[in-house]
Structures are given as C-alpha cells and as structure tokens.
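Inside the fold
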Amino acid sequence: MPRFPFPIPYSWYQVAEPEDLDPGGVRALKYFGRELVLWRDEAGEFHLQDAFCPHLGAHLGVGGAVEDGCIRCPFHGWTYDGTGACTNIPYSDRLNRKAHVRTYPVVVANDLVFAWYHPDEIAPLWDVPVFDEVGTPAFSDYYKSSYTIGTILQEMAENTVDPAHFRYVHGTDQVAECESYVTEGHTATMLSKQAYVTPRGVTEGRIDVYSFGPGVAKTWFTGIVDALLVATSTPIDNDSTQVRFNFTVRKFDDERTTSSVANAFVGEINKQIQEDQPIWENKTFLAVPALADTDGPIVKFRKWFSQFYAEPHEVGATTR
Ligand code: FES
Ligand SMILES: [Fe+2]
C-alpha cells in the first residue's frame with residue numbers, strides 16, 4: 001500500500017544546475033520514479049533520457065560517453081542522439097528502429113536546468129517561466145540549498161495555503177495575512193501582507209508566492225529588502241522529493257550588507273524547511289480534512305493541484 005494515493009504529477013522540474021556537467025559530461029539521475037541519464041553534448045546542450053539501453057539494458061549513465069552529439073552505451077557501443085534515436089550499431093550495418101530511448105524535453109532557464117515530465121509523454125503544456133531579475137547586476141548570485149524530503153510535492157506545497165502552521169511549526173509571531181489566492185490554469189498565486197518588527201517599529205512587507213505547475217515557484221519578499229526565492233521541487237519517486245532553494249537578493253551598495261541580508265534570509269528558509277520536515281515525513285494525507293473556518297484555501301489548492309495528475313488514482317471517495 002503506497003503511503004500517498006497519488007501518481008507523479010506532470011510539470012517542468014529542475015533536474016540539475018548548468019555547472020553540474022561540462023560539455024561531454026554524463027551523469028546518472030533518479031527522478032520521476034525512473035532511472036535517468038543526463039548528458040551534455042559537445043555544443044553544451046543538455047539531454048535527459050531514460051537510462052536503460054533498449055539493446056540489452058545497460059545503464060547509459062554508468063560508463064556511457066558522449067561522442068559526436070550522441071551518447072554511447074558502455075555495453076556494446078550503440079549510440080543514441082538527443083531525440084533518442086539509435087544512430088549506430090558499431091558491429092552491424094543495419095540500425096534497429098525499435099531501439100529508441102525515451103527523451104524528456106530540457107531547457108536551461110533562470111540559470112537552472114529543467115526537464116518536462118508527463119507520464120504519457122505529452123509535449124510541454126506551458127513554458128518554464130523566466131524570471132528577469134536572475135543573473136542581472138542588480139541581484140546577487142544565487143544562494144543555493146537542496147534537501148531530500150520523504151513526502152510528495154502536493155503535501156509540501158500545501159504549506160503555501162496553510163498560514164496557521166507558521167506560528168506552531170516555525171514560531172513566527174507575525175503570521176502573513178492572505179490577501180488573495182487565485183488559481184488559473186497551471187498557475188496559482190498567493191498574495192500576502194507581512195508585518196516585520198524592526199528596531200524602528202513595524203514595517204509592512206509582502207510575501208507573494210507564484211506557483212507554475214507543481215515543480216516551480218517563485219516567492220517575492222518585499223518590504224525591508226527585495227528578495228526572490230526560486231524554489232523547485234522534483235519528485236524522486238512516489239514518496240520522496242528533492243527540494244532546491246535558489247535565492248537572490250537585490251544588492252545593497254556594499255557587498256557585506258548584501259551577503260549578511262542574504263545569509264539571514266537563507267538561514268530562515270533553511271530553518272523553516274527543517275522544521276517542516278518531521279511533520280511532512282510523519283503525517284498522513286487526509287482526503288477529507290476537518291478544517292477551521294479560518295484555515296487557508298486548502299480545498300481550492302488541492303483542486304488546482306489535482307489537474308497535474310494524469311494517471312487514474314483514488315483519493316478517498318473520489319476517483320479520477
Ligand atoms: S546494452 Fe547498450 S549497446 Fe548493448
Ligand atoms: Fe512550513
């Protein structure tokens with residue numbers, strides 16, 4: 001009996017950082033409940049494919065090599081191009097057209113590498129959002145952290161619409177006040193006011209979370225400083241997720257202030273996920289929760305999230 005009644009949702013997902021692989025590099029990955037190979041051709045393009053060679057099943061990410069824009073299998077030397085087509089069987093004049101490797105669309109955006117996963121291999125239904133501030137001189141380089149969490153994306157994302165937990169899990173005295181939660185197609189936007197207590201009194205700030213499918217969310221923190229968090233969540237399998245925080249702040253005049261502000265924010269984000277982790281890893285999913293009238297828009301969130309499950313599954317009394 002799986003712990004959660006959900007299949008892996010479709011979305012763009014972060015699978016790497018550009019600096020993880022030089023051109024010509026090959027790496028084994030495990031996401032979407034599958035063994036994968038990420039490789040980078042000589043021109044620098046990334047390719048993500050199922051790992052097992054259709055010939056006799058060798059893992060292309062373990063001993064495979066990039067050669068003339070293709071990946072060569074370590075077992076018998078067959079090669080596959082970036083579309084997954086077999087391009088050479090070194091000891092035969094004939095190609096085997098059935099030998100095809102499943103290939104995932106990949107883009108580099110916001111200085112991160114994303115792949116599109118859909119269980120039925122449907123082409124991307126939206127583009128990866130591009131955040132113009134990333135990589136501009138006005139903003140700092142990313143501060144990055146990564147966590148492997150023993151739960152699914154939906155359970156973690158539900159935090160966004162759960163203001164009440166901040167006081168109890170994160171010890172926040174001033175809980176953000178939700179102004180609006182709007183879902184539209186693959187996007188969900190949660191706009192909140194946040195009061196910050198400073199030595200000079202209370203300052204009004206904002207925390208605005210924009211979700212783009214299950215895999216990518218940006219959070220703008222404004223008020224005392226402008227900070228952008230690009231948070232990505234990638235399913236490893238049916239009950240574990242890799243979460244990456246890519247964090248940038250608007251630079252101050254001096255480097256010291258920029259890095260101390262950024263480090264304070266990063267420290268807080270990392271503290272929060274570590275506080276959430278034991279809750280997430282030990283809770284159960286309740287299809288019919290007993291909510292308070294002042295809880296956040298949890299039902300609306302779940303309805304929005306459910307669109308990303310393409311495979312049939314049963315959630316409590318409802319069957320999709
Ligand atoms: S298993 Fe890959 S070439 Fe034989
Ligand atoms: Fe939380």
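Residues numbered from 1 in each chain as written. Chains lettered and ligands numbered in written order. Predicted model: local features only at pLDDT ≥ 70, side-chain atom pairs only at ≥ 80, totals over all residues. Heavy atoms only, no water.

**As for the overall build of the protein chain**
Helices and strands together make up the secondary structure of the protein chain, namely 4 helices and 20 strands. Here the C-alpha atoms of the protein chain give a radius of gyration of 22 Å, agreeing with the 20 Å that 2.2 N^0.38 yields for 320 residues. With the C-alpha coordinates of the protein chain rotated into their principal frame, the extents come out at 75 × 55 × 30 Å. Relative to its 320 residues, the protein chain shows a buried fraction of 48%. For the protein chain, long-range pairs separated by at least 24 residues make up 53% of all intrachain contacts whose partners lie at least 6 apart in sequence. (Helix = DSSP H or I, 4+ residues; strand = E, 2+ residues; numbered from the N terminus. Rg over C-alpha atoms; globule rule 2.2 N^0.38 Å. Buried < 20%, exposed > 50% of the residue type's maximum accessible area, 1.4 Å probe, protein only. Contact = heavy atoms within 4.5 Å.)

**Some remarks on helix 3 (residues 255-282)**
With 28 residues, helix 3 extends 41 Å from end C-alpha to end C-alpha; this agrees with the ideal 40 Å at 1.5 Å per step. The largest bend along helix 3 reaches roughly 30° and is located at aspartate 276, with the proline proline 278 sitting one to four residues downstream. Those residues of helix 3 hidden inside the fold are in contact with strand 12 (143-149), helix 1 (153-157), helix 2 (164-169), strand 16 (216-222), strand 17 (227-237) and strand 18 (240-249). (Expected span 1.5 Å × (residues − 1). Bend = angle between axes of the 7 residues up to and from the residue.)

**A short note on the sheet that holds strand 1 (residues 11-16)**
The 3 strands lie next to each other as 1-11-10, forming an open sheet whose pairing is antiparallel. Each edge of the open sheet carries a strand with a single partner, namely strand 1 and strand 10 (106-109). Ignoring which end each strand starts from, the neighbouring axes of this sheet average 40° apart. (Pairing = 2+ DSSP bridges. Axes fitted to C-alpha atoms, helices over the stretch in contact; angles between N-to-C directions.)

**Points about the coordination of the iron ion (ligand 2)**
For the iron ion (ligand 2), the full set of protein donor atoms is Asn159 (OD1), His165 (NE2), His170 (NE2), Asp276 (OD) and Asp276 (OD), at a range of 2.1 to 2.3 Å. One chain supplies every donor for the iron ion (ligand 2), spaced along it as N-x5-H-x4-H-x105-D. With histidine 165 in helix 2 and aspartate 276 in helix 3, this residue pair connects regions lying 111 residues apart in the sequence. (Donors = N, O, S within 2.8 Å, 3.2 Å for Na, K, Ca; no water.)

**Focus: the sheet that holds strand 18**
Strand pairing in a sheet is mediated by backbone hydrogen bonds. Such pairs are either parallel or antiparallel. Taken together, the 7 strands give an open sheet; going across it, the order is 12-18-17-16-15-14-13, and neighbouring strands pair in antiparallel fashion. With one partner strand each, in any of the chains shown, strand 12 and strand 13 (177-184) form the two edges of the open sheet. Across the sheet, the mean angle from the axis of one strand to that of its neighbour is 15°, orientation sign disregarded. Relative to strand 17, strand 16 runs antiparallel, the two sharing 6 bridges. When the bridges of strand 17 are listed, lysine 218 appears paired with valine 230. Across the sheet, helix 3 touches strand 12, strand 16, strand 17 and strand 18, and the angle it forms with strand 12 is around 5°. Taken strand by strand, helix 4 (residues 298-306) contacts strand 13, strand 14 (187-198) and strand 15 (201-212), and its axis lies near 25° from that of strand 13.

**A look at the domain arrangement of the protein chain**
The assigned domain composition of the protein chain is domain 1 (18-110) and domain 2 (143-306). Each of domain 1 and domain 2 has a C-alpha centre, and the two are 36 Å apart. Between domain 1 and domain 2, the contact holds 5 residues from the first and 7 residues from the second. Both sides of the domain 1 and domain 2 interface together cover about 510 Å² of buried area, and 54% of this is carbon and sulfur. We note a salt bridge from lysine 144 to glutamate 19, for which the minimum N-O separation is 2.8 Å. Inspection of the domain 1/domain 2 interface yields 6 residue pairs in polar contact (both at pLDDT 80 or more). Its residues assigned to classes, the side of domain 1 that touches domain 2 shows 2 nonpolar, 1 polar and 2 charged. (Domains from an automatic or database assignment. Buried area = accessible area lost by both parts, 1.4 Å probe. Salt bridge = Lys/Arg side-chain N within 4 Å of Asp/Glu carboxyl O. Polar contact = N/O pair within 3.5 Å; in protein donor to acceptor, adjacent residues only side chain to side chain. Nonpolar A, V, L, I, M, F, W, Y, C, P; charged D, E, K, R; others polar.)

**Some words on the environment of phenylalanine 6**
Within the element layout of this structure, phenylalanine 6 appears in the segment before strand 1. Residues phenylalanine 6 and isoleucine 152 lie 146 residues apart in sequence; the distance between their C-alpha atoms is 8.6 Å. Those residues in contact with phenylalanine 6 that sit more than four places away from it in its chain are Ile152, Gln154, Asn238, Phe285, Tyr309, His313 and Val315.

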